[in-house]
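# Descriptive analysis of the structure
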Amino acid sequence: MKIINNLAVINALLLNIFLLLFSTSASASNESNDDWAEAWVEQAPASPWQVTGFIEAAYGQFLQTNVTEHNASLNELKARINIDYSHELFDASGKLDSYYDAVLTKTIFHTRELSISASPFSFVDIKAGRQVLTWGTGDYLFLNDLFAKDWQSFFSGRADEYLKAPSNSIRTNWFYNAVNFTLVWTPEFTPDNYINGERFSFYSPQAQQIVAPANGFPVNKTHKAQWSARLKTRINDIEVSLYGYQGFWPTPEGTKQPATNTMQNQAYFPALNTWGVSATTPFKSGILNVEYASYNSIEDSEGTNNMIANGQHKFLIGYEHELAKNLTANVQYYLERTKDYQALVNNSQLPEQVVAENRHLVTLRLSYRALRQTLTYSMFAFYSPSDKDGYLKPSVNYQYNDQWLFSAGANVFFGEDEFSFFGQLEKNTNAWLRARYQY
Amino acid sequence: MTITFTKQMMKASKHSRQVVLTLSLFLASHFNLHAEVAPRLSNENATLNAITNTTTNKVNNIIDQANLASYYAGEDGSAEARMIIVDENGNRQMRQFTILRKDIQDLGDQNMLVFFSQPSNVKDTVFRVEKQLKSDDNRWLFLPALDLVKRISAGDKRTSFVGSHFYYEDVSGRNPNEDNFTLVSEDKNTYTIAAMPKDQQSVEFSRYSVKIDKQNFLPTETIYFDKSDQAIRKMTVLLVQDINGIPTVMKSRITNLRNNSYTEMQFRNVKYNLGLPDNIFSERSMRTPPKAWLD
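Let us look at the structure shown here. Sequence positions are assigned chain by chain, starting from 1 and proceeding in written order. Chains carry letters and ligands carry numbers; both start at the beginning, A for chains and 1 for ligands, and go up in the order they are written. For this predicted model, a pLDDT threshold of at least 70 governs which residues receive local features, and a threshold of 80 or more governs which side-chain atom pairs are given and counted, while totals over whole chains, interfaces and linings are taken from all residues. Each side-chain value is worked out from all heavy atoms of the structure, with water and hydrogens disregarded.

## Some words on unusual backbone geometry
Residues and elements named next belong to chain B. The omega torsion across Gln 118 and Pro 119 is 0 degrees, close enough to zero to call that bond cis. With respect to the helices and strands, Pro 119 occurs in the loop between strand E3 (110–118) and strand E4 (126–131). Positive phi outside glycine occurs at Leu 107, with the angle close to 60 degrees. Checked against the element boundaries, Leu 107 lands in the loop between strand E2 (92–103) and E3. Each helix corresponds to a stretch of at least 4 residues labelled H or I by DSSP, and each strand to a stretch of at least 2 residues labelled E; elements are numbered beginning at the N terminus.

Structural data, given as structure tokens:
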């Protein structure tokens, strides 16, 4: 019902917008409209319930021939309902997406959040249920944040919030003076929504070519738990964090023979433990951040098993600065150093396709806000000198009013080799459009 | 660092010297009219300087009082606010939020939390500031959709606050050390003060004039002028109310005089001296807003 109502609202509003845009007498008297001032005085009794949300239409298309089943990378009509309930002792929150996805040709109901938060003691906050979790200091680069990501959304032009996928977790946040300890327990490991062929093509080392299996590829799921912990404090103006993670690689970085079928190898999520540190501080009227993470691929700790990813050292340094009024730049340098590299090369069946021991990546984000921040131009560029590949993510956002948001952008991948990180995605280069009505 | 700093100091002192010189000349010419009446003054210059200093002290004192009244009322405070943003075509946008503020020291550092509730695309977004007079402010933003607390750079203080005509500096207060002030005139109810930025390059205006109410020291009107002395921007106080004995601006408006677009800011549910604990001004409150203080 809600959806039907809102569609009617959309139609009505679309009409209004057209009338507004094409009317030449749209100028209003600025000094005499005090009518809303009265409405404020009569304060409505605060309801513990709040319902908000949006309706969104999105379309994206590949800019060249791809081996995927569809030419569209994104084609959906989505309705979001957020329901919040506030009680003296707790808060409950639900965020539900229902959409028709014409790329996957199905209707999808997706719960982004269904959680209860409470502070049972003065020194602890608990949030239990389905939720989105984030930490770390990178901009689109994640080192110590191993919470689930949705790369299919990110590469297709959905809103940024969809880069983070939800997980069913219990988060406890402990506070002692200026020290904060966060422990997240996810009873069932939640992997990323990685590229698997249903929407985008990728390089298959087995087939040694770009593939796009329409129904994805079989992956052996794991039902074990994952744990994430962070200890955070502030020393003067520097925010310092220590991280730990016990779980699995968030993408299927391993292949093994399943017990039931001795012929066919199957992808799976090998066990992974990580630890790391980060620091953030203001520096020369900008923000400087550094982060390090050590990935220990414990099922292949010597790096000799070519079926399982090696461990890595990950290092990031970034700096954000306002270059001019409303123009912000963020530069990052990222290094991914493979552990036991010689063992990896020695045991690889395709040593010429093995990633460089030191994979470098530089990123630049430029964002410019105009028309009192209602119009935002943004360009995010990734470039890897070691892989000789990159990824450009330009976008324009226009907040026409409090209800309507229009966005357009592109995802441009390039690379010399078809097996490198971004190079394999070259044929997925796409452009997209979105229109959202918020209520 | 030190060299730049010294240069800036020299520049600043040069500016203030200019202003003092102009002021002295003005006073001197004025003084000559009375010279005949008061010929017994033996050291004219010393007296002139004394008068100039007194005037400078007086104007700085008024500015301090105005700052106290505008930005440091009570030890702490909370208020619900909304901004109605009207562009040159009459299109409106709205921002609604609750502010918590606590002073560390009067006319000094402050902590602030801004909890957004409307429109729905910014609902539950939280902005946190540690205002520091001696160095750049610390700023954080909590984006609920991503569960992300992002540290943001202090940046240009004269950029729009959440898309409104109010600048960050209008919300948190412009540092009085940035300008030189002159008392232009005063009548029964009002001081009129002219302000010149010490560093012309750092701002979009060349001067501004401010009217301050003698009763409560609240600025009632501020007009900013560009390099060609055109009035470009105007702040007007539309409503002042007494809250627990503290005169409080409940409604004000900033108008872009070039196209008559404007933002009106309104407050309600203003409270002072709540006894806000220091520890609520933290990352914790951004994820878990302190309900007890937000009613």
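## A closer look at the sheet that holds strand E14 (residues 266–268) of chain A
Residue and element names in this part refer to chain A. Read across the open sheet, the three strands follow the order E10-E14-E13; overall the sheet is mixed. Every interior strand has two partners, whereas the edge strands, strand E10 (219–220) and strand E13 (254–256), have only one. Bridge analysis of E10 against E14 gives two bridges, and the strand direction is parallel. Bridge pairing in E14 links Val 219 to Ala 267. Note on pairing: DSSP must find at least two bridges between two strands before they are called paired.

## Thoughts on the interface of chain B and chain A
By the convention used here, residues are in contact when the closest approach between their heavy atoms is within 4.5 Å. Taken together, the contact pairs 60 residues of chain B with 62 residues of chain A. Here chain B packs against chain A, burying approximately 4900 Å² in sum over the two surfaces, 40% of which is carbon and sulfur. Ranking the residues of chain B by area buried against chain A places Arg 151, Arg 268 and Arg 284 of chain B at the top, with a combined share of 14%. Whenever Lys or Arg places a side-chain nitrogen within 4 Å of a carboxyl oxygen from Asp or Glu, that contact is recorded as a salt bridge. There are 10 salt bridges connecting chain B and chain A. Note that Arg 230 of chain A and Glu 283 of chain B form a salt bridge whose closest N and O atoms lie 3.7 Å from each other. Definition of a polar contact: a pair of N or O atoms within 3.5 Å, with one able to donate and the other able to accept a hydrogen when the atoms are protein atoms, and with sequence-neighbouring residues admitted only if both atoms are side-chain atoms. Along the contact surface separating chain B from chain A lie 27 residue pairs in polar contact (both at pLDDT 80 or more). Looking at the side of chain B that touches chain A, the elements with two or more residues in it are strand E1 (76–86), E2, E4, strand E5 (138–143), strand E6 (148–152), strand E12 (246–256), strand E13 (261–272) and helix H4 (283–287) of chain B. For this scheme, ten residues count as nonpolar: Ala, Val, Leu, Ile, Met, Phe, Trp, Tyr, Cys and Pro. Four count as charged, namely Asp, Glu, Lys and Arg, and the remainder, Gly too, count as polar. Split into classes, the residues belonging to the side of chain B that touches chain A amount to 14 nonpolar, 21 polar and 25 charged. As used here, buried area is the combined drop in accessible area, with a 1.4 Å probe, of two parts when they are placed together.

## Considering empty space enclosed by the protein
All names here are of chain B. Note on definitions: the grid is 1 Å and covers protein atoms alone; a cavity is a set of points where a 1.4 Å probe fits but cannot get out; a pocket is an open set with protein on both sides within 12 Å along at least five of seven lines; lining residues have an atom within 4 Å of a point. Grid points are joined across faces, edges and corners, and a volume is the space filled by probe spheres set on the points. Considering all chains together, one arrives at six cavities of 30 Å³ or more under this definition. Ser 70, Tyr 71, Asp 170, Val 171 and Val 249 are, among the 47 residues lining the largest cavity, the residues nearest its centre. In terms of residues, the lining of the largest cavity owes the most to one element, helix H2 (residues 44–71), which gives six residues. Split into classes, the residues belonging to the lining of the largest cavity amount to 29 nonpolar, 10 polar and eight charged. The calculated volume of the second largest cavity comes to roughly 100 Å³.

So, to be careful, I would describe these as geometric facts and stop short of saying anything about function.
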